[in-house]
Protein chains: 2
Amino acid sequence: MKLEKLETGFVLTHKGQVILRHSFDNPCLFLGAGSANFDMYRGNFDITDYVIERLPMRNFAVQEVDDKILITFSAEGQETIVFTAEETAEGRLKIAFTSKKPELNRFWLRIAATATEKVYGCGEQLTYFNLRGHNFPLWTSEPGVGRNKNTYITWQADVKDRAGGDYYNTNYPQPTYVSSDKYFAHLQTTAYADFDFRHDDFHELQAWEIPEYLLVDKEDSFADLVKNICGVFGNQPELPDWVLDGVILGIQGGTDITIEKINRAKEAGVKVAGAWCQDWQGIKMTSFGKRLQWDWQWNKELYPDLDTKIHELKKEGLRFLGYINPYVLEDFPLYNEAQEKGFLATKEDGSKYVVDFGEFYCGVVDFTNPEAFEWYKGVIKKNMIEFGLDGWMADFGEYLPTDCYLSNGKSAEIEHNNWPTRWAQCNHEAIEEAGKTADILFFMRAGYTGIQGYCHTLWGGDQCVNWNIDDGMPSVINAALSSGLMGNGIHHSDIGGYTTLHGMKRDRELFMRWAEFAAFTPIMRSHEGNRPADNHQFDSDDETLAHLAAMTRVFTHLKPYIKALSKENAETGMPAQRPLFMHFEDDAEAYEVLYEYLFGRDLLVAPVYEQGATTRKLYLPADEWVHVWSGETYTGGWVEVNAPIGQPPVFYRKNSADAALLSKIAEAADYKA
Amino acid sequence: MKLEKLETGFVLTHKGQVILRHSFDNPCLFLGAGSANFDMYRGNFDITDYVIERLPMRNFAVQEVDDKILITFSAEGQETIVFTAEETAEGRLKIAFTSKKPELNRFWLRIAATATEKVYGCGEQLTYFNLRGHNFPLWTSEPGVGRNKNTYITWQADVKDRAGGDYYNTNYPQPTYVSSDKYFAHLQTTAYADFDFRHDDFHELQAWEIPEYLLVDKEDSFADLVKNICGVFGNQPELPDWVLDGVILGIQGGTDITIEKINRAKEAGVKVAGAWCQDWQGIKMTSFGKRLQWDWQWNKELYPDLDTKIHELKKEGLRFLGYINPYVLEDFPLYNEAQEKGFLATKEDGSKYVVDFGEFYCGVVDFTNPEAFEWYKGVIKKNMIEFGLDGWMADFGEYLPTDCYLSNGKSAEIEHNNWPTRWAQCNHEAIEEAGKTADILFFMRAGYTGIQGYCHTLWGGDQCVNWNIDDGMPSVINAALSSGLMGNGIHHSDIGGYTTLHGMKRDRELFMRWAEFAAFTPIMRSHEGNRPADNHQFDSDDETLAHLAAMTRVFTHLKPYIKALSKENAETGMPAQRPLFMHFEDDAEAYEVLYEYLFGRDLLVAPVYEQGATTRKLYLPADEWVHVWSGETYTGGWVEVNAPIGQPPVFYRKNSADAALLSKIAEAADYKA
């Protein structure tokens, strides 16, 4: 790091990258006071802030102490904050913030930028790939249904459920971005934050507290950069081997139905890795559709003999996955136990606090209480792992109300964003302490800083069962690429999507296109959706089964390739799904091209994401690319290829070390629509 | 005025009312800098502000000079602004602002408030009556179609035309409010402003420049207060006598059709004051519907012989009204003349600037150029007054783009809000200089500070042809009451509403209910709407004509009463339509009750505003009220009365000096549904 003093300011650089540019007239820092209002309705937040004051920190003094640079800012003649900048042992630039004015609870820091710079990340972002030109409120929440105020779905969701959302809503925000200048910047805070990339000369990072520190590092390549990032946030473990043996079928309805459906799929040639039965603990009907009985134990009525069948299935090479979330349904055994033990978040006066999840009410397990945390880990160990589950969806994590009281005494406004990470940690430790990390898969939609080291894989959340850019199939690609750059290299989605409301119904074409896409991600898993009867399912007809069978043959054919990607991700943080610029950093198009990605170094995947399309236009960076279906070789640029159902646009790099394997994808598929 | 010094602050009172309460910890003033973006699409604005800094003005010094109190605020040890407080000759409190820091272009002043205080006004507000609990951006614009994001109409208008609007959008904003504490406060500025009434302890008045001054006064009664307000902003002239002789029928289509329609109405017993033909200068078809040919002169093709017929009609007691707005259609004679003379607003480089009004483009007459102003006045005098028009709709005024260049060198951002007043002044002076103020009626929807002294009457703008609270018939009542408190005591609306889009069609019931309401306002005028064929019209069937005839009989029966109201308004600023608290200031309900009003001192009107309703619940303040249809006497409180079509809930005060007249309303109506 280097600090250059100017007439009225300074320039702070790190590895040649200008990080802060400060002058009296254009200060890099503003502090202030605000009074926020958080209005939550079923995980959707209406958040407003009354900014009482926003003070430019124009005046500063610099002091060099040992290897540290101390910059003390002041306003109205009084010291307000001290920046302690240092290089960490790993060579990163860390600027710690020490507030001198506890009444100031708003922080805006400007990171120097150039007009042409592009930025990515901020957790898992669904609408935008390059985030420049927009601001991103960072607050874990429901991602919204529709996520675009111009769509009928969003409007209906807003009117009926206050649930439409907008481009920035996400289950997994993170105050970290990656720049096309090959640096990352991370703000260490769990408070509400907003990263604003709308300005030419700076990115403005806002937080509703004084953050602990800013962490920045720069590398010569994006590969080194993602490795560096994982050094900060942690690495996902390798995928259990069995996950690559086929699709995980989302099934509901009981033991018999599950086995029947698995058998039907297998008979049709589908490679099945297992069944994921989210209703293993029973169901509850609401107007939204079937909801699960949130009292995390095997439901003998709906799943008779599952305690023995689960082991029989395992012997046949079929895994059984379940479901859990961090809430317990009022008046059910787990709730009653937690309530008695004082393990639930309360109102400020200590009285009972339940959260509305849509026609039913739940207690929030207080993970800030170490005993409650251990107790819930115990529930997972006993009711899920010991029972024999091979994995589960660890759902939710975004609903911590800001007005509840937690045992660690911290404001729930500050804990809210941290909750997904606590929830991931709870799952991870339960599995690790059971010695099952290499064998059990759990997946989450919620996330925040630090989730990388705990959560085995993200799934893209609750997409609509449609083609919508903002909330349908295409949005998953942005989600995978953005979260991948943050160290979440194993990403997948519900094949076919989930949200089936306001007249939406999943059709066959969407299911098939989504399955094709999923075959080129690290995990294939289907979902029936919240209203299964309205949706086309994997077994709705023979054509769908035949198509799925082909896609699972491709997926299992790629097992060695994907296994290597999972290992690489676990070791180096290199995501399985990568933006094109990861390996083509000198290609300007690679920073902007949408709805295509590299699956590993050597596959380029451009899913068909438009209804009715039988061709797709896509961009190939300069290299020799072989179209896996026609065998035709392309050398780069914009091309349009035929893409009938069953032949998603996929190319392999001719010079790949895996060319022998990759050249046989079409053969493995063995499919004609 | 009185300034009391406190340990770290002061309290400034005027006539016993605390106006400013300042302390080091809770300053009454914030100054700052912002960078705004105005995005206009056909009169709808998307406005954002990046607040760079917002500085509390904690430190101050007081100096008393003669009868003035000078308060000098400072920040960072430098003087920022001087408040010069004085009592004007009329006894008002005036605080002039002298900026010492030209770089500060944002101003937030906190006026002391109490939690129970209510506020009204801010120009013409359509959605809310009591404005407390909301903030009101003050920027003249299209008011929006639907004005409620939860409605289908608004959503469609947003998606298709960016035109849905919200609760605060209005053609006529004004940075002035009236408090239930019987004071008014006015900020003298034409910049974008926002009055925020969401706080318990203060109202925060924001402006995007340093305003000239704050003006405040308090009175013992609301009657005195509105008189005081008109002393500041001006008084509307008295209504021409002929306006009270019947309905002004909105007709289009040419001379013959106009005369035919008048005759049909008269034969059905309708009292007709005149015809308002907005297409007198010809029409132009667009996808929105028929649009007018904006080249302000008689169109001989569409209105043959109008030059003689207009005088024949006048002899028969029938007036003829037209239409004009402050824009001239590209490539038509007036545009060409103005363009040649340099009378149009330009781009910054002096080149041609036309505004998109929806499939046609117009020049903006530059009213800041005195020659252009005189020229346009001349157009009105020659083409309209000399031609014989008895009045017109002086439409628009809200579309001044913020990026055009004006001859006075002022920023169009600052001139934008002032434009409606300049436009009103142009019309007023043309009429006055022709000596026709007592005989010609012009009406506007746009407004801003000062319009009161120029514009003869507001009309409520372009309501939807429906019952919607936010943008249908009921919204007109809030519009009349709020603008009435600002000195616009003569208000009316399009009978039946105007906006006919997105599947809306006006039905008979709505037309009839609107006509009933209009009979108890100072002007009855109908409108065919923008898609006349989709709407029920006054002559669509005999029942409608019979009902309208009855309502015009009521209206003309009330002529002496309404004439007195018009005179009272012209002399004292007492509005014709009044909130109940105007005469019942000790009745708490009178400050909150919605969709009813006093029409003068002695009529209480509660229009039926719900589709299908045949009764209405309404509130009567304590007095003796006689229901005009049944003759039954009520003494106050909430009551429900029968209200079939033709019998809108109207009561007269038994002790009224006009009881003889008012008791004969039913008799005058002589109507059975």
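Residues numbered from 1 in each chain as written. Chains lettered and ligands numbered in written order. Predicted model: local features only at pLDDT ≥ 70, side-chain atom pairs only at ≥ 80, totals over all residues. Heavy atoms only, no water.

**Let's talk about the overall build of chain A**
- Counting its secondary structure elements, chain A contains 14 helices and 39 strands.
- Here chain A has a C-alpha radius of gyration of 25 Å; the compact-globule value for 673 residues is 26 Å, and the two agree.
- If one aligns the C-alpha atoms of chain A with their principal axes, the spans along those axes are about 80 × 65 × 45 Å.
- The buried share of chain A, reckoned over its 673 residues, is 66%.
- A fraction of 70% describes how many contacts in chain A between residues 6 or more apart in sequence connect residues 24 or more apart. (Helix = DSSP H or I, 4+ residues; strand = E, 2+ residues; numbered from the N terminus. Rg over C-alpha atoms; globule rule 2.2 N^0.38 Å. Buried < 20%, exposed > 50% of the residue type's maximum accessible area, 1.4 Å probe, protein only. Contact = heavy atoms within 4.5 Å.)

**Things to note about helix α10 (residues 508-518) of chain A**
Residues and elements named next belong to chain A.
- Of all eleven residues making up α10, ten are buried, and the element is well covered by its neighbours.
- Along α10, the positions that sit buried rather than exposed are Glu509, Leu510, Phe511, Met512, Arg513, Trp514, Ala515, Glu516, Phe517 and Ala518.
- Those residues of α10 that are buried are in contact with α9 (473-485), β30 (494-495), β31 (525-526), α11 (542-557), β32 (577-578) and β33 (597-599).

**Here we look at the interface of chain A and chain B**
- Contact residues are listed per partner, giving 24 residues for chain A and 24 residues for chain B.
- Of the roughly 1800 Å² buried at the junction of chain A and chain B (both faces included), carbon and sulfur atoms supply 48%.
- When the area that chain A buries against chain B is broken down by residue, the three leading residues are Tyr50, Glu76 and Trp155 of chain A, summing to 35%.
- The tally of links between chain A and chain B comes to two salt bridges.
- The partner of Glu53 of chain B in a salt bridge is Arg58 of chain A, and the shortest N-O contact between them spans 2.7 Å.
- The tally of links from chain A across to chain B stands at 16 residue pairs in polar contact (both at pLDDT 80 or more).
- Of all the elements in the fold, those that place two or more residues in the side of chain A that touches chain B are β5 (44-56), α1 (152-161) and β16 (202-207) of chain A.
- In terms of residues, the side of chain A that touches chain B owes the most to one element, β5 of chain A, which gives seven residues.
- Residues of the side of chain A that touches chain B, tallied by class, amount to eleven nonpolar, five polar and eight charged. (Buried area = accessible area lost by both parts, 1.4 Å probe. Salt bridge = Lys/Arg side-chain N within 4 Å of Asp/Glu carboxyl O. Polar contact = N/O pair within 3.5 Å; in protein donor to acceptor, adjacent residues only side chain to side chain. Nonpolar A, V, L, I, M, F, W, Y, C, P; charged D, E, K, R; others polar.)

**A word on the pairing of strand β3 (residues 17-22) of chain A**
All names here are of chain A.
- Bridging between strand β2 (residues 10-14) and β3 involves five bridges; their strand directions are antiparallel. When the sheet's bridge partners are listed, Thr13 is paired in β3 with Val18.
- The hairpin formed by β2 and β3 contains two residues between the paired strands, and Lys15 there has a positive phi angle of roughly 50 degrees. (Pairing = 2+ DSSP bridges.)

**Points about the relation of the copies chain A and chain B**
- Mapping chain A onto chain B calls for a screw motion: a turn of 180 degrees about the axis and a shift of 0.0 Å along it, with 0.0 Å RMSD after fitting. Here the copies are linked by what is in effect a two-fold axis.
- A share of 100% of the interface residues of chain A reappears at the interface of chain B, consistent with the copies meeting face to face through the same patch. (Least-squares fit on C-alpha atoms with pLDDT ≥ 70 in both.)

**Observations concerning the domain arrangement of chain A**
All names here are of chain A.
- One can read the domain layout of chain A as domain 1 (2-233) and domain 2 (581-669).
- Summarising the inter-unit geometry, the C-alpha centres of domain 1 and domain 2 are found 35 Å apart.
- At the junction of the two partners, domain 1 supplies eleven residues and domain 2 supplies eight residues.
- Between domain 1 and domain 2, the buried area comes to about 840 Å², and carbon and sulfur atoms account for 65% of it.
- The partner of Glu585 in a salt bridge is Lys182, with the nearest N and O atoms 2.7 Å apart.
- For the interface between domain 1 and domain 2, the tally reads three residue pairs in polar contact (both at pLDDT 80 or more). (Domains from an automatic or database assignment.)

**Quick look at the UniProt feature "domain: Glycosyl hydrolase family 31 C-terminal" (unreviewed entry) in chain A**
- UniProt records the feature "domain: Glycosyl hydrolase family 31 C-terminal" (unreviewed entry) at residues 573-656 of chain A, using the numbering of this structure.
- The span residues 573-656 of chain A shows a helical share of 0% and a strand share of 35%, and its end C-alpha atoms are spaced 21 Å apart. (UniProt positions renumbered as here; feature names shortened; annotations may be inferred.)

**Points about the sheet that holds strand β39 (residues 650-653) of chain B**
All names here are of chain B.
- Within the open sheet, the six strands sit side by side as β32-β33-β34-β39-β36-β37. Their pairing is antiparallel. Looking along the sheet, the strands with just one partner apiece sit at the ends: β32 (577-578) and β37 (633-634).
- The pairing of strand β36 (residues 625-627) with β37 spans two bridges and is antiparallel. Bridge pairing in β37 places Trp625 opposite Tyr634.

**Some details on unusual backbone geometry**
Residues and elements named next belong to chain B.
- Despite not being glycine, Cys122 has its phi angle at roughly 60 degrees, a positive value.
- Turning to its location among the elements, Cys122 is positioned in strand β11 (residues 119-123).
- A positive phi angle, near 45 degrees, is found at Asp670, a position not held by glycine.
- Relative to the helices and strands, Asp670 resides in the segment after α14 (665-669).

**A short note on the pattern of salt bridges**
- The tally for this structure, following the rule as stated, stands at 78 salt bridges over all chains.
- Here Arg445 of chain B makes a salt bridge to Asp395 of chain B, at a shortest N to O gap of 3.7 Å. Taken together, the residues Arg445 of chain B in the loop between β27 (441-444) and β28 (457-459) and Asp395 of chain B in the loop between β26 (391-394) and α7 (412-415) connect sequence positions 50 residues apart. Pair check on accessibility: Arg445 of chain B and Asp395 of chain B agree, each one buried.
- Three or more residues joined by partner-sharing salt bridges are found here, namely Glu142, Asp395, Glu398, Arg445 and Asp462 of chain A.

**Observations concerning the side chain of Glu142 of chain A**
- If you trace the backbone, Glu142 of chain A turns up in the loop between β12 (135-138) and α1.
- Among the polar contacts made by the side chain of Glu142 of chain A, one reaches the side chain of Tyr399 of chain A at a distance of 2.4 Å.

**Let's talk about a negative patch on the surface**
- A surface patch of negative charge is lined by Asp256, Glu260, Asp305, Asp307, Glu312 and Glu316 of chain A.
- Here Asp307 of chain A shows up in helix α4 (residues 306-315). (Patch = residues over 30% accessible without salt bridge, like charges linked within 9 Å, V, L, I, M, F, W, Y side chains within 5 Å. Areas by Shrake-Rupley, 256 points an atom, 1.4 Å probe, with all protein chains shown as cover. Lys, Arg positive; Asp, Glu negative; His and termini not counted. Charge placed at Lys NZ, Arg CZ, Asp CG, Glu CD.)

**Digging into the sheet that holds β33 of chain A**
Residues and elements named next belong to chain A.
- Strand order in the open sheet made by the six strands is β32-β33-β34-β39-β36-β37, with antiparallel pairing throughout. If you trace the sheet from one side to the other, it starts and ends with β32 and β37 (633-634), each paired once.
- With three bridges joining them, strand β34 (residues 603-605) and strand β39 (residues 650-653) adopt antiparallel strand pairing. For Leu603, the partnering residue across the bridge sits in β39 and is Tyr652.
- On the sheet, helix α12 (residues 559-572) packs against β32, β33 and β34 and is oriented at approximately 100 degrees with respect to β33. (Axes fitted to C-alpha atoms, helices over the stretch in contact; angles between N-to-C directions.)

**Quick look at the packing of aromatic side chains**
- If you walk through the whole model with that rule in mind, you get 121 aromatic pairs over all chains.
- Note on Phe38 of chain A and Tyr192 of chain A: the rings are 6.5 Å apart at their centroids and 70 degrees apart in plane angle, and the pair reads as edge-to-face. Remark: Tyr192 of chain A occurs in the loop between β14 (183-188) and β15 (193-196) and Phe38 of chain A occurs in strand β4 (residues 29-41); sequence separation between them is 154 residues.
- Seen in terms of ring centroids, Phe97 of chain B and Phe107 of chain B are 4.9 Å apart; in terms of plane orientation they differ by 55 degrees. Their pairing is tilted. Within this pair, whereas Phe97 of chain B is found in strand β9 (residues 93-99), its partner Phe107 of chain B is found in strand β10 (residues 106-112), the two being separated by ten residues in sequence. Taken individually, Phe97 of chain B and Phe107 of chain B each receive the classification buried, so the pair is uniform in this respect.
- What links up through ring pairs into an aromatic cluster is the set Tyr128, Phe136, Tyr167, Tyr168, Tyr177, Tyr183, Phe195 and Phe197 of chain A.
- Over the ring of Trp276 of chain A we find Arg525 of chain A, and its NZ or CZ is 4.7 Å from the ring centre.
- It is Lys94 of chain B that lies over the ring of Tyr213 of chain B; its NZ or CZ is 4.4 Å from the centre. (Phe/Tyr/Trp six-rings, centres within 6.5 Å; stacked < 30°, edge-to-face > 60°. Lys NZ or Arg CZ within 6 Å of the ring centre and 35° of its normal.)

**Some points on the side chain of Thr255 of chain B**
- Residue position: Thr255 of chain B is located in helix α3 (residues 255-267).
- Beyond its immediate sequence surroundings of up to four residues, Thr255 of chain B is in contact with Leu302, Tyr303, Pro304, Leu306 and Lys309 of chain B.

**Examining the packing of α11 of chain A against α12 of chain A**
All names here are of chain A.
- For the pair α11 and α12, interaxial distance at closest approach is 5 Å and the crossing angle is 55 degrees. Classed by the angle they form, the pair α11 and α12 counts as oblique. Here Phe555, Thr556 and His557 of α11 come into contact with α12, specifically with Lys559, Pro560 and Ile562.
- Classifying every residue of the contact of α11 with α12 by side-chain character gives three nonpolar, two polar and one charged. (Parallel < 35°, antiparallel > 145°, perpendicular 65-115°, else oblique.)

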